[in-house]
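# Structural overview for review
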Amino acid sequence: MGRYSHTPERRRWLTPALIGLGVLVASTAATVVVATAVGGDRAAAGDPASPSARPSATDPSDGAGAGAADGVVDAGDVCAERSQLRVAAVDAVAPVLEELADDACVTLDVTVVSGAEGAEMLEAGTVDAWIPDSREYALAASAEQAVAAPSTAWSPVVMVAEPATAGAIAAAGAEAGTPLAWGVLARDGGTVGGLPVELPDATSAVTMSLAGLLSAATQAATGDQYLGLAAAAGALATTTEVADADVAGPVPPGIVRVMEQRDVTAETGVVLVTADGAPVLEHPWIGDTGLPGAVALLEALASPEGSAARAAAGLVDPGVATVALGAGGAGGVDGSGGAGGAGGADGSRGTVEVPALPSAGEAVLRPAFALGGEGNLPGNSLTVLDVSGSMGRTTQDGGTTLIQTVTQAFATLVHTLNPITRVGLWEFSFDMEPGVHHRELVPIAETGENLDALIAGATQAQVVGDAGTALNSTTVDAVRAVREAWDPERTNLVLLFTDGRDEDAPGALSLEEAVAALSSELDPDRPVALMMFGMGEADTAAMQQLVDANGGDGGVYSATSTAQLLGAFTQVVGDTLLFP
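In this convention, every chain numbers its residues from 1, walking through the sequence in written order. Owing to the predicted nature of the model, reporting of local features is limited to residues with pLDDT of at least 70; listing and counting of side-chain atom pairs is limited to 80 or more, with chain, interface and lining totals taken over all residues. Side-chain measures here rest on the full set of heavy atoms in the structure, leaving out hydrogens and waters.

## Focus on helix α9 (residues 304-312)
- Along α9, the positions that sit buried rather than exposed are G306, A309 and R310. Along the long axis of α9, the arc covered by the buried residues comes to 100°, so they all point the same way. Turned more than 90 degrees from where α9 packs its buried face, P304, E305 and A311 sit exposed.
- Whether two residues touch is decided by their heavy atoms; if any such pair falls within 4.5 Å, the residues are in contact. Numbered from the N terminus, helices here are DSSP runs of H or I no shorter than four residues, and strands are runs of E no shorter than two. The secondary structure elements touched by the buried residues of α9 are α1 (94-101), β5 (151-161) and α8 (292-301).
- Just past α9, the residue G314 takes up positive phi, approximately 80°. Exposure is judged per residue with a 1.4 Å probe applied to protein chains only, and the accessible area is read against the type maximum: over 50% gives exposed, under 20% gives buried, and values in between give partly exposed. Comment: arc refers to directions from the helix axis out to C-beta atoms.

Structure follows, in structure tokens:
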């Protein structure tokens, strides 16, 4: 039979942040059609979709050559020969593969994995293919495959609540005359009409999918990529976590849980139908699709039998235009029924067809992967905050000063980083100490150890009167500091936030001197990325010269508000602290 091995429990890398940012989007909350949950306990004894309950259809050999025919055929076997195939697959898809392998004449060895472990196995050559938790996770293999690899199955993601809560949401929606849509999570700071939202786990594929959906929806509504990323980051920062083992359990009153529909049982609650559709986790085939076993299994997945096997596992065919919410449900919420095709007056429920919402492409995949936590590499970084006098001015959106904007964005996004990422914190202006223009607030260390110190240091950063800005000297000093602490196993970078230009800094480096220093000290064996964030009237042209002199590894990001800066910071995490 197929081999099932399990990986350690995933760690939570994104924790509730100090700040939730409300970003207006073109969707409003309230009216909700309620459909009952689908599926059941797939681990229950005798459930054919359960790996532990369903008899195996295959019997792997001793691991002979990948994709090659083993030539051993039982008497009466209809297959002239069988192909060997080793696959690392997410638990949702593994039973589907085993269901189809025998008739596809494939001797299949399946290892159940989660997260990015399958990418490591594929690179090591211990498997021939990897089917990850989602298309976002496929970035661990390569961006090209994450975007282009064929899907094996889709898994709809839904909102679920207990019946009384669902009824209250429906009543509020009916009164307002507006349908429930996913964008409300961005608009209402990660809540549904003020009700807290639970996610299965901050590093789950569900979290990444939701991040991508909220980012894309807000960007479409505002035309601003950074605002889209900020909306996703702000919404995710205020959600709470439910342990993986408790996902299918009852949703507490007054809570909305976002989860895969395949995990919903009659005990969990009822599915809330969102007017804009249902996001889907895509499970792509990562690996050589030309191997004999891969060809045979992919053909089986595309067949009617493949559709049936997916349906038995609570999945849907890839590429479908709509998905059925509430399929196989056990009853209604309040017995009213009727709305949106959700059921009849006797309280019974049918299904509600809504649009399927697949991932929106690589531009969204990368920051969504980063926001989900497992998407970022363990970095070695130094964050540098401008505390010169001009940082005391208010932002264009009003209400906060520039230094408050920077520290709020930093406090929110630092939570998304891998806990073994090393982060340090400086502040700078001019002559903070004789001849030294910066001050170390927090030494570079792993965020698992210094997260509280980083938050406190950023929060307590204060503008230094009318002090000038020794931007050029500080930039050179910061790059030198990270290069001195360079780590070959990490992404090494400087993140510098400023609102202006180098000024009022006699004795400090000029732009020409700083450019010359950075250029002369370039070390291809110890590269340090330089990411510069400009607020207000920042001299972005000069900042770009500094980045270019540092080898061009990095970028300049301009923002005018807290939300935009948070979005820009999120983009940097996606662009740099990510599997290359």
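## Focus: the pairing of strand β3 (residues 106-112)
- Burial of β3 is extensive: seven of the seven residues sit out of reach of the surface.
- The alternating pattern of β3 places V106, L108, V110 and V112 on one face and T107, D109 and T111 on the opposite face, and all of these are buried.
- Between any two strands, at least two bridges found by DSSP are needed for them to pair. Examined bridge by bridge, strand β2 (residues 83-89) and β3 share seven bridges and lie parallel to one another. When the bridges of β3 are listed, S83 appears paired with V106.
- When the strands point away from the viewer, a crossover counts as right-handed if the path from the first strand over the helix to the second runs clockwise. Regarding the hand of the β-α-β motif, the stretch spanning β2, α1 and β3 is right-handed.

## Section: the sheet that holds β3
- An order of β3-β2-β4-β11 is seen for the four strands of this open sheet, with the pairing classed as mixed. Edge positions in the open sheet fall to β3 and β11 (286-287), since each of these has one partner strand only.
- One ladder, built from three bridges, connects β2 with strand β4 (residues 129-131); its direction is parallel. If you follow A89 over to β4, its bridge partner there is I131.
- Angles shown run from 0 to 180 degrees and are taken between the N-to-C directions of axes, each axis being a line fitted to C-alpha atoms and, for helices, limited to the stretch in contact. Relative to the sheet, helix α2 (residues 117-124) contacts β2, β3, β4 and β11, its axis offset from that of β4 by approximately 170°.
- With respect to the sheet, α8 is in contact with β2 and β3, its orientation differing from that of β2 by roughly 70°.

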